[in-house]
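Next come the chains, spelled out residue by residue.
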Amino acid sequence: GQQVKQSSPSLTVQEGGISILNCDYENDMFDYFAWYKKYPDNSPTLLISVRSNVDKREDGRLTVFLNKSGKHFSLHITASQPEDTAVYLCAAVDSNYQLIWGSGTKLIIKP
Amino acid sequence: EAGVTQSPRYAVLQEGQAVSFWCDPISGHDTLYWYQQPRDQGPQLLVYFRDEAVIDNSQLPSDRFSAVRPKGTNSTLKIQSAKQGDTATYLCASSPPQGGSAETLYFGSGTRLTVL
């Protein structure tokens, strides 16, 4: 089964609002969690990541929250802008140093 | 520092044709990964190397796909007889020794394959 799941294939947010992207995982041994952004025809670009001993990390308009007991992490984008429109991929690193990816959430920011 | 370089950027084939993708990782990176990413989905690992050795190719369709990294630097991924289901972006990534986190994984720009 899928070890890392993004249950929402798409999300539409009004410009200026907060975009919240969610990711659930199954493996207790994941120790690193990341969010990537993928533009059409481009490779994934790392946005923000956290180690498992941290439950929150902020970087500008981005905040990642990690809930280890709930096996859940999320990405919050404040003041969402049209240029934030893209596919967002969550990923977790397993004990073999492999990234396990979610299937992606397409975020659309409406002007 | 040069990033991960992939070529070609795009490829369009008829079913049954062969195609090769080329990847030049970042200098000094011992681990090289090939991913297949269908549009709007997450990357799926096909194979990865540490130096010239294949570490895991369990997700590589061995009847039609092959990958080599003979000198532990550049790598080639080949599809012998392409099918429409192979339509995807093929991503190469590399990471340095002991790199085990998302921050040490560097992606190339990918090769977008369309099989008609």
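Everything numeric in this text was worked out from a predicted model, so none of it was measured.

1. A look at the overall build of chain B
Counting its regular elements, chain B contains zero helices and eleven strands. Listing every helix and strand of chain B by position from the N terminus yields β-β-β-β-β-β-β-β-β-β-β. Relative to its length of 116 residues, chain B is compact, with a C-alpha radius of gyration of 13 Å against a globular reference of 13 Å. Counting the 116 residues in chain B, one finds 47% classified as buried. Within the structure as shown, chain B displays about 5400 Å² of accessible surface, and the carbon and sulfur contribution to it stands at 46%. Taking the average place of the 9 positive charges on the side chains of chain B and the average place of its 11 negative ones, the gap between the two points comes to 7 Å.

2. Focus on the packing of aromatic side chains
Throughout the structure, instances matching the rule amount to 14 aromatic pairs over all chains. Seen in terms of ring centroids, B:Y33 and B:Y48 are 5.3 Å apart; in terms of plane orientation they differ by 20°. Their pairing is stacked. Within this pair, whereas B:Y33 is found in strand β4 (residues 31–37), its partner B:Y48 is found in strand β5 (residues 44–50), the two being separated by 15 residues in sequence. For the pair B:Y33 and B:Y48, a shared accessibility class is recorded, and that class is buried. Consider the rings of B:F65 and B:Y90, whose centres lie 6.5 Å apart with planes at 40°: the pair is tilted. One end of the pair, B:F65, is in strand β7 (residues 65–68); the other, B:Y90, is in strand β9 (residues 88–95), and 25 residues separate them in sequence. The same class applies to B:F65 as to B:Y90, namely buried. Through a chain of ring-to-ring contacts, the aromatic side chains of A:Y36, A:W101, B:Y33, B:Y35, B:Y48 and B:F107 assemble into a single cluster. Its end group placed over the ring of B:Y10, B:R9 keeps NZ or CZ at 5.4 Å from the ring centre.

3. Some details on the sheet that holds strand β1 (residues 4–5) of chain A
Residues and elements named next belong to chain A. If you trace the five strands from one edge of the open sheet to the other, you get β1-β3-β8-β7-β6, paired in antiparallel fashion. Two strands in the sheet have a free side with no partner beyond their single neighbour: β1 and β6 (56–59). By the bridge criterion, six bridges tie strand β7 (residues 62–67) to strand β8 (residues 72–77) in an arrangement that is antiparallel. Each residue of the ladder has a partner; that of V64, found in β8, is L75.

4. Comments concerning the state of the cysteines
All names here are of chain A. Counted under the stated rule, the structure contains two disulfides over all chains. In this model C23 forms its disulfide with C90; the gap between the sulfur atoms is 1.9 Å. With the S-S bond torsion at 60°, the cross-link from C23 to C90 turns out right-handed. You can see C23 sitting in strand β3 (residues 19–25) and its partner C90 sitting in strand β9 (residues 86–93), a full 67 residues away along the chain.

5. Structural notes on unusual backbone geometry
Most of the time, phi is negative for any residue but glycine, and the peptide bond is trans. A cis geometry characterises the amide bond from B:S7 onward to B:P8, with omega recorded as -5°. Considering the arrangement of structural elements, one finds B:P8 in the loop between β1 (5–7) and β2 (10–13). A positive phi angle, near 50°, is found at A:K71, a position not held by glycine. Along the polypeptide, A:K71 turns up in the loop between β7 and β8. We classify A:K71 as partly exposed; its relative accessible area is 27%. Positive phi, close to 50°, is recorded for A:A79, a residue that is not glycine. With respect to the helices and strands, the residue A:A79 is situated in the loop between β8 and β9.

6. With respect to the pattern of salt bridges
All names here are of chain A. In total, this model carries five salt bridges over all chains according to the counting rule given. For K56, the salt bridge goes to E58, with nearest N and O atoms at 3.6 Å. You can call E58 exposed: its relative accessible area is 55%.

7. Observations regarding the side chain of A:S74
Structurally, the position occupied by A:S74 is in strand β8. Leaving out residues up to four positions away in the same chain, A:S74 has contacts with A:L21, A:N22, A:W35, A:T63, A:V64 and A:F65.

Rules used in this analysis
- Residues numbered from 1 in each chain as written.
- Chains lettered and ligands numbered in written order.
- Predicted model: local features only at pLDDT ≥ 70, side-chain atom pairs only at ≥ 80, totals over all residues.
- Heavy atoms only, no water.
- Helix = DSSP H or I, 4+ residues; strand = E, 2+ residues; numbered from the N terminus.
- Rg over C-alpha atoms; globule rule 2.2 N^0.38 Å.
- Buried < 20%, exposed > 50% of the residue type's maximum accessible area, 1.4 Å probe, protein only.
- Areas by Shrake-Rupley, 256 points an atom, 1.4 Å probe, with all protein chains shown as cover.
- Lys, Arg positive; Asp, Glu negative; His and termini not counted.
- Charge placed at Lys NZ, Arg CZ, Asp CG, Glu CD.
- Phe/Tyr/Trp six-rings, centres within 6.5 Å; stacked < 30°, edge-to-face > 60°.
- Lys NZ or Arg CZ within 6 Å of the ring centre and 35° of its normal.
- Pairing = 2+ DSSP bridges.
- Disulfide = S-S within 2.5 Å.
- Salt bridge = Lys/Arg side-chain N within 4 Å of Asp/Glu carboxyl O.
- Contact = heavy atoms within 4.5 Å.

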